[in-house]
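# A structural walkthrough
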Amino acid sequence: SKEVYKEALENLILQGSMLHQELPVFGGRLQSIYKTHPSMKNPWLKVSIRSIENINYDIVDISHPMQGNCIDGCHNEAAVMDNIPYSRVFYHAFPGAIITHRGR
């Protein structure tokens, strides 16, 4: 409902993450404008559009030249094929699974 979003927005304003402005528009009315605080660079990178889970797993191509067939838990960013949320990782990425991503 609208109230849930309003409460979340008010909390973000109180935390200092969002700024609220009222600007005059045609007809003398005021329009509410909300934007992120200038100190927050690229705020869209902090929000997942896939899920709200905070635990995610990287799917790494161990045959990638930059990875060098290493499976020690450390990986090169170039070898990362995808990032899967915890709730889906055991369904999509299990031992023996064939994973294709963007044709790779």
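Structure: see above.
A brief look at the structure comes next. For clarity, every value in this text was computed on a predicted model and none was experimentally measured.

Rules of the game
- Residues numbered from 1 in each chain as written.
- Predicted model: local features only at pLDDT ≥ 70, side-chain atom pairs only at ≥ 80, totals over all residues.
- Heavy atoms only, no water.
- Helix = DSSP H or I, 4+ residues; strand = E, 2+ residues; numbered from the N terminus.
- Buried < 20%, exposed > 50% of the residue type's maximum accessible area, 1.4 Å probe, protein only.
- Contact = heavy atoms within 4.5 Å.
- Areas by Shrake-Rupley, 256 points an atom, 1.4 Å probe, with all protein chains shown as cover.
- Lys, Arg positive; Asp, Glu negative; His and termini not counted.
- Charge placed at Lys NZ, Arg CZ, Asp CG, Glu CD.
- Expected span 1.5 Å × (residues − 1).

## Section: the overall build of the protein
The number of helices and strands found in the protein is 2 helices and 4 strands. Considering only C-alpha atoms, the protein reaches an extent of 65 × 30 × 25 Å along its principal axes. Taking all 104 residues of the protein together, the buried fraction comes to 14%. Excluding contacts between residues fewer than 6 apart, the proportion of contacts in the protein whose partners are at least 24 apart in sequence is 26%. When the accessible surface of the protein is summed, it comes to about 8,800 Å², and 59% of that surface belongs to carbon and sulfur atoms. Between the averaged position of the 10 positive side-chain charges in the protein and that of its 10 negative side-chain charges there is a distance of 10 Å.

## Things to note about helix 1 (residues 2-15)
Here helix 1 contains 14 residues, and its C-alpha end-to-end distance of 20 Å stays within 8% of the 20 Å for a straight helix at 1.5 Å per residue. Among the 14 residues that make up helix 1, 0 are buried, leaving the element largely open to the surroundings. Downstream of helix 1 by a residue or two, Gly16 has a phi angle that is positive, lying close to 90°.

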